2 protein chains.
Amino acid sequence: MKFGNQPSYSLGQRSASTKEALAGEGGNVTLVSQSTLGEINRGRVLQALYDNGPKSRAELARLAGVNRTTITGIVQPMIEEGLLVEGDAVPSDFKGGKPARPIYFNPEAPMLGAVLLLPGRIQTCLVTLSGEIKALTKAEFDPHGDRDMFLTTIKDTLSVTLAQAHQAPFGIGIASGGMIDSDNGVILAVNLAPVLTGLPLVDILQKHFSLPVVIDHHPRALLVGDRWFGPGRGQRTFAAIYTGEVLGGAFYIDGRVYRGLAGSGGELGHTVVQIDGELCNCGKHGCWETVAALPWLRREAARQGMENPETVTCARLVKGAAEGSEAADGLLDRYTRNVAFGILNLQQTLSLNSYVLHGDIAGGGVDAAERVRQHVERLVRKRPNQEISITVNGIGEGHTALRGAAGLVLSSHLKLVI
Amino acid sequence: MKFGNQPSYSLGQRSASTKEALAGEGGNVTLVSQSTLGEINRGRVLQALYDNGPKSRAELARLAGVNRTTITGIVQPMIEEGLLVEGDAVPSDFKGGKPARPIYFNPEAPMLGAVLLLPGRIQTCLVTLSGEIKALTKAEFDPHGDRDMFLTTIKDTLSVTLAQAHQAPFGIGIASGGMIDSDNGVILAVNLAPVLTGLPLVDILQKHFSLPVVIDHHPRALLVGDRWFGPGRGQRTFAAIYTGEVLGGAFYIDGRVYRGLAGSGGELGHTVVQIDGELCNCGKHGCWETVAALPWLRREAARQGMENPETVTCARLVKGAAEGSEAADGLLDRYTRNVAFGILNLQQTLSLNSYVLHGDIAGGGVDAAERVRQHVERLVRKRPNQEISITVNGIGEGHTALRGAAGLVLSSHLKLVI
DNA sequence: AGCAGTTTGTTTGTACTTCGCACAAACTTA
DNA sequence: TAAGTTTGTGCGAAGTACAAACAAACTGCT
């Protein structure tokens, strides 16, 4: 399936990107041009719409403390090209005044494609500019199988989804498990799905679909999803933490997704929390993963003689504890404490204060999250005005990851810095 | 067309601060104004001069990929006000052309005041815009003594230094040990110097000297000093690590000093590396500090029956190992390995790749640094293009910290983002 | 010595974007 | 109906980078 001509929006393709212009290049100097200034401010107005919902031009100007004509100069071209749309007038309040016309994302605008790629499972969908998920399609693949067969599967699945878009999407975002080089669009390694190792997936899909494609690792997609329409919405600083067969994390720092070099930041599962601890599959001892991932939970459940230890999850422990099982309560406490150590280390390092849980630990709901938070509070060094928040994302992890994957396209295509 | 109701986040007013304008305020969206654009680019040209040394306007324009008149528009006002100065013409090369006149910081411009405040010791000095340290003055104070006496001492010491400036300095930067709230200019706690605990030092000195005053914690000043005229010069991402009686760190991420909320990032000494480890003076077990700070080294030296264990340092161990002492070599290896765990955790979390060592571990010179690097390399998860550099700062730690303290003033006063 | 070629720094006008002011449109209230 | 209030737009001012042209100051060759 090929998409030919794409809609032309004045925001255009990613060039010497806004992010780079803001940050400068290492050793070289990059100045910010007039046109980049316009891009920065366009992205910021778009983000304000996401964070605050539909708003009139006058209200946006007030919120940002700028001139009304500035806002009009920014949004009018986007209204004309169909990215934004003007809503029905809102009746004036008791003081009178002309009714305001809130502006928001146009439901008729092109959508974003999204792929969630986990060991053995593919999900694809379309995501509207207001975050609705459509045309969800699922497929399975053999994690140890043949690469060509995998590529056929992902292309077919994506084709089914994209066929339901009435216009060429802005692009395709991929959230993938494993170790990702997001700069070069390559899946470096997925221990649980060797078929993906070394796969230059971005290039392959860009060529096949003639659409821009971006990729990032799964926790980072969760983070973007949290930030866009989840608990991280409107926040300046927070982290997403994933626990499951492996552990991972992602950071939103000072209003930007932190990636590290080539997207390598956030490999929290292989930070050491017990120097002389158990051997980890990465080859060293005492990784956080050895005491806070599902394999550890299953081993401990078996050690305690619990029923069906191979199916133990945080959710099951919370349920058991609520039903009075002391074994479940005790194991849950140890598990949440072990999870807390990784979060504690993040807090002492980066002082993010706000953590959104995903994966198995999130399956334990607010009870598990509160236990983790209490463990962290007991351990962390106290400071004035330090309030640590640990929440679970109530939206559902698959949808969050897909939204996040789509959000990756937003970042690159619309200069919207999520 | 109707839009559904969406939650509204409170947004602040437009910020005049360049840093805030670039990043946006938590949940708030701040647009970048024309005048802020000018400030951003002025700061960037100044940083380019620091990173590259004296350069002609034409060369700066080439480095930045911008128009020559843009550079002139930026630097000419600074030349006129005496911040920058035009040097002697440089002879043209074999192709001819008008000789270029390099521009750099004016030696006759005002200086920066700097204070280094460690338990029991005060150092003050002036720092020129090109990083030279002048009028260095030292004093001592009783860490457990009377606050008024401490304030008298620091004011007198600073007065001696400032009396040697021919013009009012741009401001005073303070590098202080302990836990610092850099937003509010308060020293929150210094375990080794209780006289400083709770001291609103910025306010006190601003009132006394009628100069702008900024404060940050010691590792962050080291970082700024590294970035300005040390191994971090021109780098986009690196960390400074301090080992001594306590441990600390600071990060330069994506071209900016990372502070965390109220300056609380970088408390690496209290990350956990051994869940069931020794009790730390912060109240929990297994902090990195319990296995990598000088108290650990002294205890281990005593346990091994080394001579004068209370004076053991990394430098002494390196010397001992070079002279054939297997005990020194063995303890040095354990020490550098323990230090490596904290750096490893940083690398897995933030992927900074470049670490500058300070304090006791730096006293071991390149030998100690190389041992740490090898330990990290053995432990870290491999990725393509990942090269980990661990260096010591050869300039001297006191000078680096003082330069860094002065650099804090540069950041705030000249909108030069170090 | 004179000329062509090259490079630097400056002058002048254009382009991009935000700011400020004024006005018309569209309402509420007395 | 008139006064007051708010929204969105038109127009000119202000700030800053970009582009073209020119003069100054040099090198190398004939």
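Procedures and definitions
- Numbers given to residues run from 1 along each chain, matching the order in which its sequence is written.
- Chain letters start at A and ligand numbers start at 1, both assigned in the order the entries are written.
- Residues qualify for local features only when their pLDDT is at least 70, as the model is predicted, and side-chain atom pairs are given and counted only at 80 or more; totals for whole chains, interfaces and linings, by contrast, use all residues.
- As a rule here, side-chain values come from all non-hydrogen atoms in the structure, and water together with hydrogens is ignored.
- Elements are defined by DSSP. Helices are runs of H or I of four residues or more, strands are runs of E of two residues or more, and each kind is numbered from the N terminus.
- In what follows, a contact means two residues having at least one pair of non-hydrogen atoms within 4.5 Å.
- Computed with a 1.4 Å probe, the accessible areas rest on the Shrake-Rupley method; for each residue, only the protein chains presented here act as cover.
- Positive charges come from Lys and Arg, negative ones from Asp and Glu, while His and the chain ends are left out of the count.
- Here the site of a charge means NZ on Lys, CZ on Arg, CG on Asp, or CD on Glu.
- What makes a salt bridge here is a side-chain nitrogen of Lys or Arg within 4 Å of a carboxyl oxygen of Asp or Glu, nothing more.
- Accessible area is worked out with a 1.4 Å probe on protein chains only. A residue is then buried under 20% of its type maximum, exposed over 50%, and partly exposed in between.
- The copies were overlaid by least squares, fitting only the C-alpha atoms of residues that reach a pLDDT of 70 or more in each copy.
- Accessible area that two parts lose when put together, with a 1.4 Å probe and added across both, is what the buried area reports.
- In the analysis that follows, any N or O atom pair within 3.5 Å is treated as a polar contact, provided that within protein one partner can donate a hydrogen and the other can accept it, and provided that, for residues neighboring in sequence, both atoms belong to side chains.
- Any residue that is not Ala, Val, Leu, Ile, Met, Phe, Trp, Tyr, Cys, Pro, Asp, Glu, Lys or Arg is counted as polar, Gly included; the first ten are nonpolar and the last four charged.
- For every element, the axis is a line fit to its C-alpha atoms; helices are fit only across the contacting stretch, and the angle between N-to-C directions ranges from 0 to 180 degrees.
- An angle below 35 degrees is read as roughly parallel, one above 145 as roughly antiparallel, one from 65 to 115 as roughly perpendicular, and any other as oblique.
- Should the near helix be turned counterclockwise from the far one by less than a right angle, the crossing is left-handed, whereas a clockwise turn marks it as right-handed.
- Ring pairs are drawn from Phe, Tyr and Trp, using the six-membered ring of Trp, whenever the two centres fall within 6.5 Å, and their geometry is named by plane angle: stacked under 30 degrees, edge-to-face over 60, tilted for the rest.
- Pairing between two strands requires that DSSP report at least two bridges joining them.
- Summary of the distance rule: residues count as near a molecule or strand when at least one heavy atom falls within 4 Å of that molecule or strand.
- pLDDT expresses, on a scale from 0 to 100, how confident the predictor is about each individual residue.
- Between the first and last residue of a helix there are one fewer steps than residues, each counted as 1.5 Å, and that sum is the expected span.

## Structural notes on the overall build of chain A
Assigned secondary structure in chain A consists of 14 helices and 14 strands. Reported as C-alpha extents along the three principal axes, the dimensions of chain A are approximately 70 × 55 × 50 Å. The contacts in chain A between residues at least 6 apart in sequence include a share of 63% that link residues at least 24 apart. Of the roughly 15,600 Å² of accessible surface on chain A, a fraction of 50% belongs to carbon and sulfur atoms. In chain A, 40 side chains carry a positive charge and 41 a negative one; their mean positions are 6 Å apart.

## Brief notes about the environment of Phe141(B)
Residues and elements named next belong to chain B. Tracing the backbone shows Phe141 in the loop between strand E5 (133-140) and helix H5 (147-162). Considering only alpha carbons, one finds Phe141 and Leu151, 10 residues apart in sequence, at a separation of 9.6 Å. Apart from residues lying up to four places away in sequence, Phe141 is in contact with Leu117, Leu118, Pro119, Gly120, Arg121, Ile122, Phe150, Ala193, Val195 and Leu196.

## Section: the pattern of salt bridges
For the coordinates displayed, the defined rule picks out 42 salt bridges over all chains. The partner of Glu267(B) in a salt bridge is Arg383(A), with the nearest N and O atoms 3.2 Å apart. Pair noted here: Glu267(B) is in the loop between strand E12 (256-258) and helix H8 (288-292) and Arg383(A) is in the loop between helix H13 (365-379) and strand E14 (389-392), and the two residues belong to different chains. The same class applies to Glu267(B) and to Arg383(A), which are both buried. In this structure, the salt-bridge partner of Asp333(B) is Arg371(B), at a minimum N-O distance of 3.6 Å.

## What to know about the relation of the copies chain A and chain B
Rotating chain A by 180° and moving it 0.0 Å along the rotation axis overlays it on chain B with an RMSD of 0.1 Å. With respect to symmetry, the two chain copies, as superposed, fit the operation of a two-fold axis. The overlap is high: 80% of the interface residues of chain A also sit at the interface in chain B, so the same surface is used on both sides.

## Digging into the interface of chain A and chain B
At the interface, 91 residues of chain A touch 86 residues of chain B. The junction of chain A with chain B conceals about 7,500 Å² of combined surface from both sides, 54% of it contributed by carbon and sulfur atoms. Our count for the chain A to chain B interface comes out at 4 salt bridges. At the junction of chain A and chain B, the tally comes to 26 residue pairs in polar contact (both at pLDDT 80 or more). Of the residues that constitute the side of chain A that touches chain B, the class distribution is 42 nonpolar, 30 polar and 19 charged.

## Quick notes on the packing of helix H3 (residues 57-64) of chain B against helix H4 (residues 68-80) of chain B
Residues and elements named next belong to chain B. The contact between H3 and H4 brings their axes to 9 Å, and the two run at 125°. Relative to H4, H3 is oriented oblique. Relative to H4, the crossing made by H3 is right-handed. On H4, the residues that touch Arg57, Ala58, Leu60 and Ala61 of H3 are Arg68, Ile71, Thr72, Val75, Gln76 and Ile79.

## A short note on the packing of aromatic side chains
Residues and elements named next belong to chain A. As enumerated under the stated definition, the model contains 18 aromatic pairs over all chains in all. Ring geometry for Trp296 versus Tyr335: centroids 6.2 Å apart, planes at 20°, classification stacked. Placement of the pair is Trp296 in helix H9 (residues 294-303) and Tyr335 in helix H11 (residues 326-350), with a sequence separation of 39 residues. Tyr335 carries the same exposure label as Trp296, and that label is buried. Through a chain of ring-to-ring contacts, three or more aromatic side chains come together here, namely Tyr50, Tyr104, Phe105, Trp228 and Phe229.

## Considerations on the pairing of strand E9 (residues 213-217) of chain B
Residue and element names in this part refer to chain B. Of all 5 residues that make up E9, 4 are buried, and the element is covered over most of its length. With 5 bridges joining them, strand E6 (residues 172-176) and E9 adopt parallel strand pairing. Directly across from Ile172, in E9, lies its bridge partner Val213.

## Focus: the protein's contact with DNA strand D
Arg68(A), Lys95(A), Lys98(A), Arg101(A) and Phe94(B) are the nearest of the 34 residues found near DNA strand D. The sugar-phosphate share of atoms of DNA strand D within 4 Å of the protein amounts to 61%. Taking Arg68(A), its side chain carries an N or O atom lying 2.5 Å from a base nitrogen of DNA strand D. Here a phosphate oxygen of DNA strand D sits 2.9 Å away from a polar atom, N or O, in the side chain of Thr70(B). Mapped by element, the contributors of at least two residues to the surface near DNA strand D are helix H3 (57-64) and helix H4 (68-80) of chain A together with helix H2 (34-52) and H4 of chain B. For the surface near DNA strand D, the leading source of residues is H2(B), giving 4 residues.

## Looking at the confidence of the model for chain A
On average, chain A scores 88 in pLDDT, and the residues at 70 or more come to 92%. Confidence over residues 1-27 of chain A falls short of pLDDT 50; this stretch has 69 contacts with residues more than four positions distant or in other chains.

## What about the packing of helix H9 (residues 294-303) of chain B against helix H11 (residues 326-350) of chain B?
Residue and element names in this part refer to chain B. In contact at an axis separation of 11 Å, H9 and H11 are set at 155° when each is read in the N-to-C sense. What the angle tells us is that H9 and H11 run roughly antiparallel. Our pair here, H9 against H11, has a crossing hand that is right-handed. Between H9 and H11, the contacting residues are Trp296, Leu297, Glu300 and Ala301 on the first element and Leu331, Arg334, Tyr335 and Asn338 on the second. A class-by-class count of the residues in the contact of H9 with H11 yields 5 nonpolar, 1 polar and 2 charged.

## What about H4(A)?
Given 3.6 residues per turn, any residue in an α-helix points the same way as the ones three and four places further on. All names here are of chain A. Across its 13 residues, H4 extends 18 Å between first and last C-alpha, which sits within 8% of the 18 Å expected from 1.5 Å per residue. Turning to H4, its buried residues number three or more, namely Ile71, Ile74, Val75, Met78 and Ile79. In this structure, the buried side of H4 is in contact with helix H2 (34-52), H3, strand E1 (84-86) and strand E2 (103-105). Gly82 occupies a position one or two residues after H4 and carries a positive phi of about 90°.

## Regarding the side chain of His217(A)
Residues and elements named next belong to chain A. Along the polypeptide, His217 turns up in strand E9 (residues 213-217). Accessibility expressed as a relative area gives 8% for His217, which makes it buried. Sequence-distant contacts of His217, defined by excluding residues within four places in its chain, comprise Ser176, Gly178, Ile180, Gly249, Gly265 and Gly266.

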